[in-house]
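Now for the letters of each chain:
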Amino acid sequence: MSSVTETRSRSQVRTRKNRTLAQSRVTVVETVPAAHVVSRTEPAHGNPFTSVLIPYLMNAIGLKPKLQRSTPTYASDEDLSDIAAMEAAERELASKKHSAPVPVTELDSCPTSGKLYRHQELLPRLPIPNLAETCTTYLKTVRPLVGDTEYEKTVAAVNDFLKPGGVGEELQQRLIEHDKGKSTSWLIDWWNSYAYMAGYRDPVCVYVNYFFCFVDNKRLIGKPAGRAAEIITAAMQFRKLVVSHDLEPDLARKTPLCSSQYRFLFNSCRIPQKREDTTRSADPSENNHVIVIRKNQFFVLEAIVDGRQLSTSEIESQLELIYFFAGEKEDLPIGAFTTQDRDSWFKLREKFIASSVKNRASLDKIETSAFVVCLDDTTPVTYEERAWECWVGDGRNRFFDKSCQFIVFDNGVAGFNGEHSMMDATPTSRMCEYILDNLEKGKIDHGEAAGKKLMPPRKLGFDLTASIIRDVRVAEAKFDALVAEHDLKVVVFEGYGKNLIKNLGCSPDAYAQMAIQLAYFKTYGKCVATYESAQTKKYAYGRTETGRSVSAESVAWVKAMQDESLTTEEKGQLGRKAVVAQSSYMSLAADGRGVDRHLLGLRLLIKPGETKPALFTDASFSTSSHWTLSTSQITSEYFLGYGWGQVVSDGYGVAYMVKEESLHFNLVSLHLQNDVFRYNFLESLREMKAVFEATIPQKR
């Protein structure tokens, strides 16, 4: 068997193996006495080292060396006593804390100092759209999705809503008054709550978190410690820019964008709560540690020591110690708790931290970390393998509530997983682009070793009762069942990319959206409601608005592409009208004048006991917002993949990149027609080139 085949097989078998083990372990732990407590910091036996310092390491910090990967330099006896003192202090601190140290629900006002936030006070507020304009636009987006009879009912519902002195005007006035009482925006707290923290209680893994797959670093193929060390160094340098407010703010062309979301990039963690989650943001000046997970074991790596960031070589040595201490045996995967639905995870977390001061202190260390690095023991090779591993992995060697998780595999392949609730993908994609671009161009300061012995990484300990062990095994089984319902396919089209599309006189994003429409029509013979994320960050505290990609023009075009009686030029002209319609709506949405957020705000202001307007009970309202196709673009030449899950059971999550010379689409569904859909993407992109080439506008 070739090495490539071996690595593929290992990656594919891994999850199946864990599913089988998870099912069996649920019954095995039933035999553990309920009163027995298993401490994960008990020293391991069979130590291969003879150094006198090893027993001190084992007793002081709970590490379990099993397989030597390098020759480490160990700390002195005095250093080890400091570790014990630190652990004692953490236990004392944890004992004084409440069970769930979390911040307030409403978003605080953004800083206004430094480069990063220098435009904040000048940014306009998110506008409240004109009611009549929203309703007119809404009807325009509904028309191509419903039949004549349904549309007539929708028109009547809209007209009733717009009656002078009627319910529409009353709700609009309530929204205006609501806006006056907000220091941020009329939408942000509602959106964070409705779309994420309270309104969506399903697991974040699969349904909320997203991923990036990085291009390979050829120097570090097969050198995971080196790859991870470079990523940590670069990420910490980007963190320094964010924390010091020295990062230049994002711009859309020359328009400054809101920087509010950068506050949740580092030292941030989503916290499960009853009914509505919150976000915990720790002080970055006091929490400079990185959590490294290997074999389901959590290690604390102090990235800044005595005010100095460790050099890349020092970080690599620390990571080699983690590989060594983790050994080959997996610990009970506490991280699997974060794969559960939010209400279950809340109860599990309360039980977990109430059972032990050690558990509370260890969880506190994870939640307050700068970010997480997952050192996986799989070796993904293909596009699908990489995407699957970065998206969900085996659900164990992760902590999905953290805003940032970097993932490095045993073959040196790397990627990223982001928690979506308080940040969209633009801050994290900029961070990842910064890391990869500056590493490739040699612009990262890798530093020099200080020449002094460093404290080794400290393994976090957990006290595990039989009940908690059963909880973890159940979480594993539920996760495995959930991901087994999903299918992921990747479309990589290398025939052309952004350069040619622009030469065709088209918007690359609109062109990609039309490829999605045509591929879906070829697969299912119909057009469905399509969501594209449009950022509204040119407004203070702006996040996104829905770009409704289906138009009368796009429907006419996809049907024309299947009509052999039409000429290539006729098809091309219809395609250009569809592209213009899509770009026009995206521009409207980016201006804060799309229909979905406005209608959400009006709907949320209906008081208890009031009759819901027919506009919101009309069948077309559900049809036009049932996002069978949930789409978004994040493009980087440094990414090999990007994606997330579907948002409705009969739909697809379609993430895409329009690179210079290629197009990439990530397709996720509940085992729908992914293979056929993928084939139709490739066919559609070939056919589109011909019709758009035949209708290139003449240059003036």
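Residues numbered from 1 in each chain as written. Predicted model: local features only at pLDDT ≥ 70, side-chain atom pairs only at ≥ 80, totals over all residues. Heavy atoms only, no water.

How would you sum up the sheet that holds strand β11 (residues 372-375)? Please name residues and give values.
Strand order across the open sheet formed by 8 strands is β14-β8-β7-β11-β12-β13-β2-β20, with mixed pairing between neighbours. Edge strands, defined here as strands with exactly one partner in the open sheet, are β14 (458-459) and β20 (639-643). Here β11 runs beside strand β12 (residues 404-408); their pairing, made up of 4 bridges, is parallel. Bridge pairing in β12 places Val-372 opposite Gln-405. Along the sheet, helix α9 (residues 224-243) contacts β2 (210-214), β7 (289-294), β11, β12 and β13 (414-418); its crossing angle with β12, the most-contacted strand, is approximately 155°. Its contacts with the sheet place helix α14 (residues 425-440) against β2, β12, β13 and β20, and it is angled at close to 15° to β2. (Pairing = 2+ DSSP bridges. Helix = DSSP H or I, 4+ residues; strand = E, 2+ residues; numbered from the N terminus. Contact = heavy atoms within 4.5 Å. Axes fitted to C-alpha atoms, helices over the stretch in contact; angles between N-to-C directions.)

Can you lay out the confidence of the model for the protein for me, pointing to particular residues and giving the numbers?
Detailed reading of the predicted model is not advised wherever pLDDT is low. In this model, the protein carries a mean pLDDT of 88, and residues with pLDDT of at least 70 account for 85%. Every residue in residues 1-104 is under pLDDT 50, and counting partners more than four places away or in other chains gives 180 contacts. (pLDDT = per-residue confidence, 0-100.)

Quick rundown of the environment of Ile-468? Include the residues and the values.
Within the element layout of this structure, Ile-468 appears in helix α15 (residues 466-484). For Ile-468, a relative accessible area of 2% gives the class buried. Remark: the alpha-carbon pair of Ile-468 and Leu-348, spanning 120 residues in sequence, is separated by 8.3 Å. With sequence-adjacent residues up to four places away left out, Ile-468 is seen in contact with Phe-337, Lys-351, Phe-352, Ser-355, Asn-359 and Asp-463. (Buried < 20%, exposed > 50% of the residue type's maximum accessible area, 1.4 Å probe, protein only.)

Can you tell me about unusual backbone geometry, naming the residues and giving the values?
Positive phi is not limited to glycine here, since Asn-296 has a value of about 70°. Along the chain, Asn-296 falls in the loop between β7 and β8 (297-302). Exposure remark for Asn-296: the relative accessible area of 4% places this residue in the buried category. Its identity is not glycine, yet His-671 carries a phi of approximately 55°, on the positive side. Locating His-671 in the fold gives a position in the loop between β22 (663-669) and α23 (674-693). Looking at His-671, the relative accessible area reads 46%, which means it is partly exposed.

Let's hear about the pairing of β2: which residues, and what values?
Among the 5 residues in β2, 5 count as buried, and that is most of the element. Where β2 and β13 come together, 4 bridges link them in antiparallel fashion. Across the sheet, Phe-211 pairs through a bridge with Asn-417, a residue of β13. Note: β2 against β20, 4 bridges, orientation antiparallel. Residue pairing in the sheet places Cys-213 in a bridge with Gly-641 of β20.

Please set out the packing of aromatic side chains residue by residue, giving values where relevant.
Within the structure shown, the criterion is met by 38 aromatic pairs. A ring pair is formed by Tyr-656 and Phe-665, whose centres lie 6.0 Å apart and whose planes are at 25°; its orientation type is stacked. Comparing Tyr-656 with Phe-665, the two get one shared label, buried. Just above the ring of Tyr-151 sits the side chain of Arg-143; from NZ or CZ to the centre is 4.6 Å. In this arrangement the basic side chain of Arg-597 is found over the ring face of Trp-191, its NZ or CZ atom lying 3.9 Å from the centre. (Phe/Tyr/Trp six-rings, centres within 6.5 Å; stacked < 30°, edge-to-face > 60°. Lys NZ or Arg CZ within 6 Å of the ring centre and 35° of its normal.)

For the sheet that holds strand β21 (residues 652-658), give the residues involved together with the corresponding values.
Read from one edge of the open sheet, 6 strands run β16-β22-β21-β19-β17-β18, paired in mixed fashion. In this open sheet, the two edge strands, each paired with only one partner strand, are β16 (487-493) and β18 (544-548). Taken over all neighbouring pairs, the strand axes of this sheet differ in orientation by 25° on average, direction set aside. Where strand β17 (residues 530-535) and strand β19 (residues 629-633) come together, 3 bridges link them in parallel fashion. Pairing of Thr-530 across the sheet is with Leu-629, part of β19. Against the sheet, helix α13 (residues 383-391) makes contact with β16 and β22, and its axis sits at roughly 130° relative to β16, the strand it touches most.

Describe in detail the packing of helix α4 (residues 131-142) against helix α5 (residues 148-161), supporting the description with residues and values.
Where α4 contacts α5, the axes come no closer than 11 Å and their chain directions differ by 175°. With respect to their mutual orientation, α4 and α5 come out roughly antiparallel. Contacts between α4 and α5 involve Leu-131, Cys-135, Tyr-138, Leu-139 and Val-142 from the former and Tyr-151, Thr-154, Val-155, Val-158 and Phe-161 from the latter. Its residues placed into classes, the contact of α4 with α5 shows 9 nonpolar, 1 polar and no charged. (Parallel < 35°, antiparallel > 145°, perpendicular 65-115°, else oblique. Nonpolar A, V, L, I, M, F, W, Y, C, P; charged D, E, K, R; others polar.)

Help me get a handle on the environment of Thr-631, residues and values and all.
Within the fold, Thr-631 resides in strand β19. Taking the C-alpha atoms as reference, Thr-631 lies 8.4 Å from Tyr-652; in sequence the two are 21 residues apart. If near-sequence neighbours (up to four positions away) are discounted, Thr-631 is found in contact with Gln-513, Ile-516, Thr-530, Tyr-531, Glu-532, Ser-533, Trp-644, Val-654 and Tyr-656.

Give a detailed account of the pattern of salt bridges, specifying residues and quantitative values.
By the definition in use, this model includes 48 salt bridges. One salt bridge in this structure joins Asp-189 and Lys-182, with 2.9 Å as the shortest N-O distance. On the basis of relative accessibility, which here comes to 15%, the residue Asp-189 falls in the buried class. For Lys-182, a relative accessible area of 15% translates into the label buried. (Salt bridge = Lys/Arg side-chain N within 4 Å of Asp/Glu carboxyl O.)

Talk me through the packing of helix α17 (residues 508-524) against helix α19 (residues 568-590); I want residue IDs and the actual numbers.
α19 packs onto α17 with a crossing angle of 115° between their chain directions and a minimal axis gap of 9 Å. When the interaxial angle is binned, α17 and α19 end up roughly perpendicular. Between α17 and α19 lies a crossing of right-handed hand. Facing α17, whose interface residues are Asp-509, Ala-510, Gln-513 and Met-514, α19 presents Ala-578, Val-579, Gln-582 and Ser-583. In terms of residue class, the contact of α17 with α19 is built from 4 nonpolar, 3 polar and 1 charged. (Left-handed = near helix turned anticlockwise from the far one by under 90°.)

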